[in-house]
Amino acid sequence: MPIMIGPPHYEQMLHPVIKKNYGKWLYHEHVKPGVIKHVSETGDEVYTVRAAIPKIISVDFVRMLCDIADRYSDGYVKFTSRHAVEFIITDKNKIDPLIKELESKGMPVGGTGKSYKPIVHTIGWNHCHTAVIDAPGLAKAISDGLFEYFKRNDLPAKLKIAIACCLNMCGAVHCSDIAIVGMHRKPPVVDDEIVAKFCEIPTTVASCPTLAIKPKVLPDGKRSVEINPERCMYCGNCYTVCPGLNIINPKYDCLSLWVGGKVPNARSPPMYSRLVIPYLPNNPPRWPETVEAIKKIVKAWIENAREDERIGEWIERIGWEKFFKITGIPFTDKHIDDFIFSIRDFRTTTQFKF
Amino acid sequence: MVSKTPLLDELKKGPWPGFVQEYEKMAAKKEIAKRMLNQLELSYRDKRTYWKHGGAVTVKGYGGGVIGRYSAIPEVGPPAGCHTFRVAQPAAWFYKTDALRTVCDVWEKYGSGLMNLHGSTGDIILLGAPSEVLQQCFDELSSKGFDLGGSGSDIRSLSCCMGPALCEWSCFDTLDVYHTLTMEFQDWIHRPAFPYKFKIKISGCPNDCVASLARADLAIIGTWRDEIQIDQEAVREYAKAGVDIKAITERCPTRCMEWDGKELKINNEDCTRCMYCINKMPKALRPGKERGATILLGGKATILQTAMLGWVIVPFMKIEKPYTELIDLIKRIVTWWDENARTRERVAELIYRVGMRVFLKAVGLPAVPQMVFRPRNNPYYFWAPEELEEVK
């Protein structure tokens, strides 16, 4: 068996028309929701048709995508950084039949331009040991709730949502228009037996960013740790390095909602998402409170933002104090940062709105 | 027949494509998929995960690429391991269907048949392989042209935007840089030997479609340093078609544009290359001709100290084959981080701890004003002994 061969070379994966026009594209334009036209300096034109797919798919589903690609896009298919599927079409007469076929198979076409994009999210209870919430299920529920915005091109700007099931944030949600993070609200419970058996004490102690963990020696001489609950901020980093510090607590775990981040440099520089709702109940299978909260924020943005303003750009223009007023979301002491980088957000001017 | 998964059935409703149906397809054929589904239903009932910590699971010759996963309730869930393969994706996620079918066939033979296209980092994710098939599954994937991606404390699989393959804004060949760096760093990707993870992402222009600035320790983002290319006729056509050019110039963050109804003028000296006007008028405006990339360091999610966005460390670098300058810089950075970081300390946190001054000196980069929004406002700066010697 060969090892360390690396990924297949991309040239094997490119449609001949892509190879021919590689680096020669002149411009692209939005044709309609889900369809983008690309024009090359060689005179060639291709169309991208974008559709949403579930995050977790079966091999049968992938084979179905391949069958569709064989019939419409010469046996080539691509995926986007937000996990949508795209078919590159050289014959524009095939666009509408392709859309019809994709939609008949449950894959809505859209998500281009100023629309709601597929959620980037983590794997949750489906396959992770630290997940507080189930991102795939929550993403499905939110996307059903925002479905009307997917096949549009008339929102103020793009709308990108991300979900991270816990503070590890594998979904890197910290720069999304709207982000959900699964949160703990109680310190880990120490299981001395597991700590003694599986955990390296110095690594576990060092893993705590607030120095809340101290080593301790049990009466039988075995080594474990103790946690100062006053200092613990429930990040769960210690649980990642030591399975004896269980921080999962279904009775208290919850969701938090963050708003206003963006990544592109277009107009304003990239921005972090900011805490808007510190607690939402962890309420599977469809998390109705969270879906409603998001719909309310999206609606306020659509009604109030100017053209081309992402949610964060809109809020920065009107001021966060006004955002809380418009949305009616209560502002609490939890919204004011009290960790190590906090003061950069404190207001140092008498300029603000009532 | 009464459904065994009434809670998950709720997720089969609604217009957005659902994943529960995907489980059901595989559950009909594969016991492991059925058990994954049944375990998930219990998670929905009890509002908690039923997966345990992984432990060291891998294949011969590798340290990373397989993530160990065991059920906490093996009487319901998979009893003998249910591990994840990260499989390195071809650049920018372009596929020929026969290659994808190959992955499907191997995966159905050995694993649950459930997968992601793709994981957050970019790999093909194969979810749920029992311990005893890991080596065979890998052997067959690798004999058919696919390799593992990164996991654990290694260089994670890179990712890149579609670049010159399908986008006119790309300032260098993102796919080729992705593939070249991935091949250059094979050992670092497959053998976790670092303090923590290190991510590299590659975007062809400042729109940053792979979110490298937020998500990668090292972001390579295309840019240019001459004038935006303007096709005045195409600008006038946009105006005729009803596009409000004046409004676009007013939304320009540096107000470096003027439109008099006939001609669009750009003061390129003041332009910060944000892409906004180009995004609005792709037929009329294009990035300049002297192209390269800005290199930013330190992007990461919150764990541990805070979320960080990448910091400019090289304002402009030409990105041309064989990419020697870029590769050498990455090697110097990774080696310095490896030698100086504490366990689970990302490169941004290391720089925050020891200071940018120490970092710049160690990797041999000059301090330039583009690195900061504004200079420091506290007086606690340091002098090296050699800087004081000239006083005598």
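Every value quoted in this text rests on a predicted model; they were computed, and no experiment measured them.

(A) Geometry of the overall build of chain A. If you tally the helices and strands in chain A, you get 10 helices and 15 strands. Seen through its C-alpha atoms, chain A measures out along the principal axes to roughly 80 × 65 × 35 Å. Evaluated residue by residue, chain A yields a buried proportion of 51% over its 354 residues. Sequence separation of 24 or more characterises 63% of the internal contacts of chain A that already satisfy a separation of 6 or more.

(B) Quick look at the overall build of chain B. Per the secondary structure count, chain B includes 16 helices and 16 strands. Considering only residue pairs separated by 6 or more positions, chain B has 65% of its internal contacts joining residues 24 or more positions apart.

(C) Highlighting the domain arrangement of chain B. Residues and elements named next belong to chain B. Entries for chain B in the domain assignment read domain 1 (51–143), domain 2 (159–224 + 291–385) and domain 3 (229–286). Placing a centre on the C-alpha atoms of domain 2 and another on those of domain 3 gives a separation of 31 Å. In this assembly, seven residues from domain 2 lie in contact with seven residues from domain 3. Split into classes, the residues belonging to the side of domain 2 that touches domain 3 amount to four nonpolar, two polar and one charged.

(D) Representation of the sheet that holds strand β10 (residues 218–224) of chain B in the model. All names here are of chain B. Strand order in the open sheet formed by five strands is β8-β9-β10-β15-β16, with mixed pairing between adjacent strands. Single-partner strands in this sheet number two, and they are β8 (159–160) and β16 (311–317). Pairing geometry for strand β15 (residues 291–297) and β16, over four bridges, is antiparallel. Among the inter-strand pairings, Ile295 is bridged to a residue of β16, identified as Val314. Together, β8, β9 (200–203) and β10 form the strand contacts of helix α7 (residues 174–184), whose direction differs from that of β9 by roughly 160 degrees.

(E) How the structure looks around the packing of helix α13 (residues 324–340) of chain B against helix α14 (residues 347–354) of chain B. All names here are of chain B. Remark: α13 packs on α14, axes separated minimally by 10 Å, with the N-to-C direction vectors making an angle of 70 degrees. Of the possible angle classes, the one that applies to α13 and α14 is roughly perpendicular. Remark: the crossing between α13 and α14 carries left-handed chirality. Facing α13, whose interface residues are Ile333, Trp337 and Asn340, α14 presents Val347, Leu350 and Val354. The class makeup of the residues in the contact of α13 with α14 is five nonpolar, one polar and no charged.

(F) Quick look at the pairing of strand β11 (residues 213–217) of chain A. Residue and element names in this part refer to chain A. Direction of pairing for β11 relative to strand β12 (residues 223–227): antiparallel, over a ladder of five bridges. Among the inter-strand pairings, Lys216 is bridged to a residue of β12, identified as Ser224. Counted along the chain from β11 to the antiparallel partner β12, the turn is five residues long, and its residue Gly221 has a positive phi close to 90 degrees.

(G) Structural view of the nonpolar core. Val49(A), Ala92(B), Met115(B) and Cys160(B) are the most contacted members of the largest nonpolar core, which has 213 residues in total. Among the elements that take part in this core, helix α2 (residues 59–72) of chain A stands out by supplying eight residues, more than any other. Contacts of Val49(A), omitting those with residues within four sequence positions, involve Gly34(A), Val35(A), Glu86(A), Phe87(A), Ile89(A), Ile95(A), Leu98(A), Ile99(A) and Val109(A). One finds Cys208(A), Ile213(A), Cys238(A) and Ile247(A) within the second-largest nonpolar core, a separate group that totals 12 residues.

(H) The environment of Thr210(A), seen in detail. Relative to the elements of secondary structure, Thr210(A) occurs in the loop between α6 (201–206) and β11. Those residues in contact with Thr210(A), other than ones at most four positions away along the chain, are Arg231(A), Cys232(A) and Met233(A).

(I) Main features of the environment of Phe198(B). All names here are of chain B. When you line up the elements, Phe198 lands in the loop between α8 (186–190) and β9. For Phe198, a count of 26 C-beta atoms within 10 Å corresponds to the buried category. For the pair Phe198 and Ser157, spaced 41 residues apart in the sequence, the C-alpha separation amounts to 9.2 Å.

(J) Representation of the interface of chain B and chain A in the model. With 94 residues of chain B in contact, the opposing surface of chain A contributes 95 residues. No other element matches helix α4 (residues 97–110) of chain B, which puts seven residues into the side of chain B that touches chain A. Residue composition of the side of chain B that touches chain A, by class: 49 nonpolar, 26 polar and 19 charged. Pairing analysis gives two bridges linking strand β4 (residues 57–58) of chain A to strand β6 (residues 114–117) of chain B, with the strands arranged antiparallel. From the neighbouring strand, Ile57(A) faces β6(B), where its bridge partner is Met115(B).

(K) Representation of the sheet that holds strand β9 (residues 178–183) of chain A within the structure. Residues and elements named next belong to chain A. Ordered by their spatial adjacency, five strands build an open sheet running β7-β8-β9-β14-β15, and the pairing between neighbours is mixed. Strands with a single pairing partner mark the edges of an open sheet, and in this sheet they are β7 (120–121) and β15 (274–281). Strand contacts of helix α8 (residues 288–304): β9, β14 (254–259) and β15, with the helix running at about 150 degrees to β15, the strand carrying the most contacts.

(L) Structural context of the environment of Ser40(A). Residues and elements named next belong to chain A. If you trace the backbone, Ser40 turns up in strand β2 (residues 35–40). The buried category is assigned to Ser40, around which 20 C-beta atoms lie within 10 Å. Along the sequence, Ser40 and Lys20 sit 20 residues apart, while their C-alpha atoms lie 9.7 Å from each other.

(M) Layout of the pairing of β10(B). Residue and element names in this part refer to chain B. β10 sits mainly inside the fold: seven of its seven residues count as buried. Judged from the four bridges that link them, β9 and β10 form a sheet pairing that is parallel. Residue pairing across strands places Ser203 opposite Ile221, the latter belonging to β10. The pairing of β10 with β15 spans seven bridges and is classified as antiparallel. By the bridge assignment, Ala219 is partnered in β15 with Leu296.

(N) The domain arrangement of chain A, seen in detail. Residue and element names in this part refer to chain A. The domain architecture assigned to chain A consists of domain 1 (10–104), domain 2 (120–185 + 250–345) and domain 3 (189–246). Between domain 1 and domain 2, the C-alpha centre-to-centre distance is 30 Å. Taken together, the contact between domain 1 and domain 2 spans eight residues of the former and nine residues of the latter.

(O) Fine view of α14(B). Residues and elements named next belong to chain B. Taken as a whole, α14 has its buried residues at Val347, Ala348, Glu349 and Ile351. The secondary structure elements touched by the buried residues of α14 are β15, α13 and α15 (356–363). Looking at the residues trailing α14, positive phi occurs at Gly355, about 100 degrees.

Reading guide: rules and limits
- Residues numbered from 1 in each chain as written.
- Chains lettered and ligands numbered in written order.
- Predicted model: local features only at pLDDT ≥ 70, side-chain atom pairs only at ≥ 80, totals over all residues.
- Helix = DSSP H or I, 4+ residues; strand = E, 2+ residues; numbered from the N terminus.
- Buried ≥ 20, exposed ≤ 12 C-beta atoms within 10 Å, placed from the backbone.
- Contact = placed C-beta atoms within 7 Å.
- Domains from an automatic or database assignment.
- Nonpolar A, V, L, I, M, F, W, Y, C, P; charged D, E, K, R; others polar.
- Pairing = 2+ DSSP bridges.
- Axes fitted to C-alpha atoms, helices over the stretch in contact; angles between N-to-C directions.
- Parallel < 35°, antiparallel > 145°, perpendicular 65-115°, else oblique.
- Left-handed = near helix turned anticlockwise from the far one by under 90°.
- Core = buried A, V, L, I, M, F, W, Y, C linked by C-beta atoms within 7 Å.

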